[in-house]
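Structural features, examined
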Amino acid sequence: MAEAADFQGTSASPARRWLRRTGALLAGAPLLAGLLQLPAATSADAAGQESPQAASGAGSVSVAVDSLTPTAPTEGDTVTVTGTVTNNGKQPVTGAHVDLRVGPSLDTRSSIDALAKKSDAVQGPAGEAVGSKYTEKFSKLTPGVAEPFSISVPVDDLDLGRDGVYQLAVALSGETAAQPWDQVLGIQRTFLPWQPEEAGTKTKTTFLWPLVSDVHMTAETGSNEQQTPVFSNDDLAEEISPGGRLEQMVSLGKGLDVTWVIDPDLLASVDAMTSNYQVRGEDGTTTSGRHQAVAKQWLSELQQAVAGKEVVALPFGDPDLASLAHNGTTVTGSLNHLKEATDAVDSTVPTILHVKPSTDFAWPVDGAVDPSIMKVATSAGADKVIARSDSLQDDLSYTPSAARPIGGGITAVVADSRMSTAFQGNLTKASASTLAVQRFLAQSLMLGLQTGKQRSVVVAPQRAPSVNQAQAMAEALGALQGGNWSESQDLAAAAKAKPDPAANRKVPSAKAYPTSLSNQELPPEAFEQIAKTQGKLDSFKVILTDESRVVTPFGRAMNREMSTSWRGRNVAAEGYRHDVGVYLGGLIDGVKLIKKTETKLSGRSAMIPVTVQNNLVQGVQHLKLRLTSKNPTRLKIGGDAYEEQRVAVNGGHSQSVKFTTSANANGRAKVEAQLYTEDGQKYGEPVTFDVKVTEVTPTVMLVIGGGVLLLVLAGFRMYTQRKRAAAREAAEDATAEAEDDADSPVGGPQNPEAPGDRLKEESEAGSREDAPQQPSDPAPDTAAESADPSGTGERVDR
């Protein structure tokens, strides 16, 4: 894209410097003409161009600029440059000296990019040396040894001209035995933003400060009342500990004017660590977490840092909007998870941070958008999408403001790609960090110098900056906020700023989406697996007396399964989804039917018990147990082919449900027990067992009945015999009394029983004993239980 800088007029001080520099150039013209007569092999041009002979040893010494202070100098400052020079060649370098060189001001943002790509190339222009008194000398540079340097120079002696971005180079010159002449052997270029006075129109800059991490919490919780959470690892404790990545993000961001962009899952995870929690080891065992104090301290620091600041909350788990748009929308229920993740913000961020966040913004990965991503990003209620200028590109000679309406009430907030990507890459070395800071400031100043109109710029860095990247971001942002050309602005204000009418408002097509990003997306199988887990959860929750103990942790786990943090980690992502599914399956299997062996049914009818076991902590309800006969002509359940009964079992208990059965024929009948939810869906695996019917035949029934009758008659005979014996004893007693009376003086003999009468009574008694008796009520279908040991089959409960 073409870029041009519309610079303003120079101030009085830069004008004086320009006149002084021009005068010096005119005065040295004769000398320059004489130098041009020398052989080319022994000269170097005054602008810093090295001859081919001098360039032949280029790169043998590396120059590292570890610090440049101040990063954006003003009038009266002293610029100090520190770093190291290292001889990478095989020969010592003698007569070595380091000096500073100031090149001409750069004209466009593209020229800054071009210079950054060849910052250590000795063949390019290096600029004019500041002066011999601002030089550090080394008698000899030994191969492989790094030597430090530090050069300070008043900014007035740099002879900077008008406001702008200048090239500042640190060059190491010297000679070797193979090339015994003074030449540049190493160089490092950086940028020097120059805006000594307050700009008439300042750029409004919004800097996003992201607090996002990987997935750490599992779906598993303890069976206690507190539902102790289980973490897949202890990495989060390391991140929030002093010196850790997230600890640095909070401590560095505390003193900056930034917009905090936070994943509620991170807050929920750290909040869970403030109480008892478990950490699963590589061997599968869990141990108690020990970082409660660290978690409390981090949350306390964060609460102080965000107080009074703008906080933007991402949906819970930071779902990958591009993956969902490209691979998940065809799977039923996927968009529902995005809505649930957005709704979860209200129960997380305000409770933990005590601030009300904004949920109006969606942030696709790297700000890359296409129509499907825009549609998904706004489906859960967001009406603003954070894009990036390398995706939603403009063909303009300047950088427009970030906000631009794209139709349908949606606003694309386009972050500046150059400034947003300035802190990517390896910044562990101080030299890399310093170059990133200076490049960021240079791009910001150049953007402000393009036009006299005020613009709103948004910077959206990478989601999870490293410690070194965060430190570089903080340094650059601190310098920017203390500079003369920019002022801070909230993201909400940037989204409401007046859009540039010439800015591009057309969302790029799906074909323009970067292949490098699409290769990292979650595959369609991931969303299918999530949908399968959701289906199991839906069937499971209807039987629970307290579904929140299961729905909440598994709902949040499925949000985490869609996290942006899984990009490029497909194996780990699949493993996490698998573990969630396995754990849910284990809970579902906690409510099950106890397997039965063969059941014996001796008789026409009996009760068959089926046991339901609940190994969960909470009770289950809204279940039906159906017992079905596979041979209803032989065995009926409840008078039909099957019977259903409602089931409710307390946590940690079992319950036996009894079914009435009736047999019509001997033999085996297969029976199936199956649990159902109230809506008719099968729950768990069925239990199938055999019922062996051993019905008693009519002949045997007659024999048994006759035997019972004989027992009754024998009992009656024993009764009559005892009655007759009692009568005889009474008669004998009466005879004895009569005889006693006859012998007594006052009474005569009594009338004794005649022998004939006694014989008559015995005859009648005998006749009564031989008379037929009335049988008792018929015996039941089922025989009395035998006292013998039971067989191998299970006896039914009658």
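In what follows, the accompanying structure is described. (Residues numbered from 1 in each chain as written. Predicted model: local features only at pLDDT ≥ 70, side-chain atom pairs only at ≥ 80, totals over all residues. Heavy atoms only, no water.)

**A word on the nonpolar core**
- Judged by nonpolar contacts, the single largest core of 75 residues is most densely connected at Phe540 and Leu625.
- With residues up to four places along the chain from it excluded, the contact list for Leu625 reads Leu593, Val610, Val612, Glu643, Glu644, Gln645, Val647, Val657, Phe659, Ala673, Gln674 and Leu675.
- Counting 66 residues, the second largest nonpolar core, distinct from the first, contains Phe207, Trp298, Val437 and Val459. (Core = buried A, V, L, I, M, F, W, Y, C linked by side-chain atoms within 4.5 Å. Buried < 20%, exposed > 50% of the residue type's maximum accessible area, 1.4 Å probe, protein only. Contact = heavy atoms within 4.5 Å.)

**A word on the environment of Ser275**
- Here Ser275 shows up in the loop between helix 7 (264–273) and strand 13 (278–280).
- Separated by 18 residues in the primary sequence, Ser275 and Ala293 place their C-alpha atoms 9.3 Å from one another. (Helix = DSSP H or I, 4+ residues; strand = E, 2+ residues; numbered from the N terminus.)

**A few points about the packing of helix 19 (residues 548–561) against helix 20 (residues 570–588)**
- Closest axis-to-axis distance for the helix 19/helix 20 pair is 10 Å, and the angle between their directions is 160 degrees. Looking at the two axes, helix 19 sits roughly antiparallel to helix 20. Considering only the axes of helix 19 and helix 20, their crossing is left-handed. For the pair helix 19 and helix 20, contact is made by Phe554, Ala557, Arg560 and Glu561 and by Tyr576, Arg577, Val580, Tyr583, Leu584 and Leu587, respectively. (Axes fitted to C-alpha atoms, helices over the stretch in contact; angles between N-to-C directions. Parallel < 35°, antiparallel > 145°, perpendicular 65-115°, else oblique. Left-handed = near helix turned anticlockwise from the far one by under 90°.)

**Notes on the pairing of strand 9 (residues 203–211)**
- A large share of strand 9 lies buried, amounting to eight of its nine residues.
- Relative to strand 21 (residues 486–488), strand 9 runs parallel, the two being bridged by three bridges. Along strand 21, the bridge assignment pairs Thr203 with Ser486.
- Note: strand 9 against strand 20 (residues 456–459), four bridges, orientation parallel. Within strand 20, the position partnered with Thr205 by the bridge is Val457.
- As judged from the four bridges shared by strand 9 and strand 12 (residues 259–262), these two strands associate in the parallel manner. In the sheet register, Leu211 faces strand 12, and the bridge partner there is Ile262. (Pairing = 2+ DSSP bridges.)

**Section: the side chain of Thr218**
- Checked against the element boundaries, Thr218 lands in strand 10 (residues 217–221).
- Of note is the side chain of Thr218, whose polar atom sits 3.2 Å from the backbone nitrogen of Glu220.
- Separated by 2.8 Å, the side chain of Thr218 and the backbone oxygen of Val230 make a polar contact.
- Setting aside its immediate chain neighbours within four residues, Thr218 contacts Val230, Phe231, Ser232, Arg560 and Tyr576. (Polar contact = N/O pair within 3.5 Å; in protein donor to acceptor, adjacent residues only side chain to side chain.)

**Points about the packing of aromatic side chains**
- Enumeration over the complete set of coordinates arrives at seven aromatic pairs.
- Ring geometry for Phe554 versus Tyr583: centroids 5.7 Å apart, planes at 20 degrees, classification stacked. Placement of the pair is Phe554 in helix 19 and Tyr583 in helix 20, with a sequence separation of 29 residues.
- A relative accessible area of 1% means that Phe554 is categorised as buried.
- A relative accessible area of 21% means that Tyr583 is categorised as partly exposed. (Phe/Tyr/Trp six-rings, centres within 6.5 Å; stacked < 30°, edge-to-face > 60°.)

**Looking at the sheet that holds strand 19 (residues 410–415)**
- Ordered by their spatial adjacency, four strands build an open sheet running 16-17-19-18, and the pairing between neighbours is mixed. The open sheet has two free edges, formed respectively by strand 16 (361–362) and strand 18 (403–407), since each of these has just one partner strand.
- Pairing geometry for strand 16 and strand 17 (residues 384–388), over two bridges, is parallel. The partner of Phe361 across the bridge, within strand 17, is Lys384.

**Topic: helix 8 (residues 292–306)**
- Taking 1.5 Å per residue as the helical rise, helix 8 with its 15 residues ought to reach 21 Å, and the 21 Å between its terminal C-alpha atoms agrees with that figure.
- Two residues or fewer after helix 8 comes Gly308, characterised by a positive phi angle close to 80 degrees. (Expected span 1.5 Å × (residues − 1).)

**Some thoughts on the sheet that holds strand 10**
- Sheet architecture is open: four strands sit in the order 10-11-13-14, paired in mixed fashion. What marks the edges here is a single partner per strand, and that holds for strand 10 and strand 14 (286–288). The average angle at which neighbouring strand axes cross in this sheet is 35 degrees, direction not considered.
- Relative to strand 13, strand 11 (residues 229–231) runs parallel, the two being bridged by two bridges. Residue Val230 lies in a different strand from strand 13, and its bridge partner there is Gln278.

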